[in-house]
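# An overview of the molecular structure
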Amino acid sequence: MDQRPGSDPLRLDGQCALVTGGDGGIGTEVSRSLARAGAAVAVNYRRRDDAARRLVEEIRAEGGRATAVRGDVTREDDVVAMFRRIEEELGGLDVLINNAGVQCDAAVHEMSLDDWNDVIAVNLTGQFLCAREATRVFLRRGVRSGVSRAAGKIVFVSSVHDVIPWAGHANYAAAKGGVAMLMKTLAQELAAHRIRVNAISPGAIRTPINRAAWETPEAEERLLALIPYGRIGEPGDVGRAVAWLVSDAADYVVGATLYVDGGMTLYPAFIGNG
Ligand code: BGC
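Overview of the structure. In this text, all values refer to a predicted model and were calculated from it rather than measured experimentally. (Residues numbered from 1 in each chain as written. Predicted model: local features only at pLDDT ≥ 70, side-chain atom pairs only at ≥ 80, totals over all residues. Heavy atoms only, no water.)

### Brief notes about the side chain of N171
You can see N171 is positioned in helix α5 (residues 170–190). Separated by 3.1 Å, the side chain of N171 and the backbone oxygen of D115 make a polar contact. When near neighbours in sequence (up to four residues on either side) are disregarded, N171 contacts C104, M111, D115, W116, V119 and I120. (Helix = DSSP H or I, 4+ residues; strand = E, 2+ residues; numbered from the N terminus. Polar contact = N/O pair within 3.5 Å; in protein donor to acceptor, adjacent residues only side chain to side chain. Contact = heavy atoms within 4.5 Å.)

Here is the structure:
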């Protein structure tokens, strides 16, 4: 049978989701979207406990379930402790959104080893550590019939820069390129266990990470030239896509990268050119 009669495959009721870096930018809207779909959400943060707590209160005020969990995704002990706490507090885990990410930009001849290591640590190693811990939980629990068709779902939040080279951002683009192969390899490795692994690659989404690219009219005009769809993305564009991707409506989507980018990956410089 395709799905349970009468059940809405987009709903996430009875499921628990962890959103790393849920305290800002894209992570906040992803947390809201998952909570609206019925999931209990663990909002991970590293430093900004006030932002995470505000979001948790807001989700609870709307009738959802949420909790804030501190943890540095680059530290193995933190990650292990965070997953233990989530299982204790929310009763399990069904969805991991590997969202925490940073940028630390420099021309390659000026890029320090710290700039390189910090970005790889959060954007690539952090995603590995959280995916490993989530996989351990999913393998232990297996498919819970009546809750989801999958034993667990992992979404890597990557970037259009997993395929578009980005001068001045070698650390960031290298990490995202790594995420693309990490995602596909885990998707291949875990599919037989009914664990679905996919990626979402956002383009230019209006958040603090890229403020300089949209905050003046001149910068915004330059940015819009890279987006055929003619508008800058909003965090909700990504939140809604993630909520669909982890739902049973997307049960047959395995190892895919969904570009949520207004066409940024379509080589817009070739419009009327080439
Ligand atoms: C980066 C943004 C950038 C966008 C498009 C994202 O991954 O974090 O700073 O605006 O890619 O270039």
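### Describing the pairing of strand β4 (residues 95–98)
Residue alternation in β4 divides its side chains into two sets, V95 and I97 and L96 and N98, and both sets are buried. Summarising the sheet, strand β1 (residues 16–19) and β4 pair through three bridges and their orientation is parallel. Along β4, the bridge assignment pairs A17 with V95. The pairing of β4 with strand β5 (residues 152–157) spans four bridges and is classified as parallel. (Buried < 20%, exposed > 50% of the residue type's maximum accessible area, 1.4 Å probe, protein only. Pairing = 2+ DSSP bridges.)

### What about unusual backbone geometry?
With the exception of glycine, most residues fall at negative phi, and the peptide bonds are largely trans. Backbone geometry at R194 places phi at a positive 65°, although glycine is not the residue there. On the secondary structure map, R194 appears in the loop between α5 and β6 (195–202). For R194, a relative accessible area of 41% gives the class partly exposed.

### Considerations on the pairing of β5
Burial within β5 is extensive, with six of its six residues counted as buried. The side-chain alternation of β5 yields two buried faces, one formed by G152, I154 and F156 and the other by K153, V155 and V157. Regarding topology, helix α4 (residues 113–141) serves as the crossover connection from β4 to the parallel β5, and that connection is right-handed. The parallel pair β5 and β6, bridged by α5, forms a crossover whose chirality is right-handed. (Right-handed = clockwise from strand over helix to strand, strands pointing away.)

### A word on the sheet that holds β1
The strand order β3-β2-β1-β4-β5-β6-β7 describes an open sheet built from seven strands, whose pairing is parallel. In the strand order of this sheet, the two ends are held by β3 (65–70) and β7 (257–260), each with one partner. For this sheet, the mean angle separating the axes of adjacent strands, direction not counted, is 20°. Direction of pairing for β5 relative to β6: parallel, over a ladder of six bridges. Residue G152 lies in a different strand from β6, and its bridge partner there is I195. Contacts from helix α2 (residues 49–61) reach β2 (40–45) and β3, with the element oriented near 170° to β3. (Axes fitted to C-alpha atoms, helices over the stretch in contact; angles between N-to-C directions.)

### Topic: the site of the ligand
Taken together, Q103, S159, H161, W166, Y172, G203, A204, I209, N210 and M264 form the complete shell of residues around the ligand. Contacts to the ligand include Y172, whose side-chain N or O atom sits 2.6 Å from an oxygen atom. In the environment of the ligand, an oxygen atom lies 3.2 Å from a nitrogen or oxygen atom belonging to the side chain of N210. Considering the ligand on its own, with 310 Å² of exposed area, one finds that the protein chains cover 90% of that surface. Taken together, the residues of the shell around the ligand break down into five nonpolar, five polar and no charged. (Near = heavy atom within 4 Å. Areas by Shrake-Rupley, 256 points an atom, 1.4 Å probe, with all protein chains shown as cover. Nonpolar A, V, L, I, M, F, W, Y, C, P; charged D, E, K, R; others polar.)

### Side note on the side chain of D115
Tracing the sequence through the fold places D115 in helix α4. There is no salt bridge for the buried D115, and the closest opposite charge comes from R46, which lies 12 Å off by N-O distance. With residues near it in sequence (within four places) discarded, D115 still touches C104, A106, E110 and N171. (Lys, Arg positive; Asp, Glu negative; His and termini not counted. Salt bridge = Lys/Arg side-chain N within 4 Å of Asp/Glu carboxyl O.)

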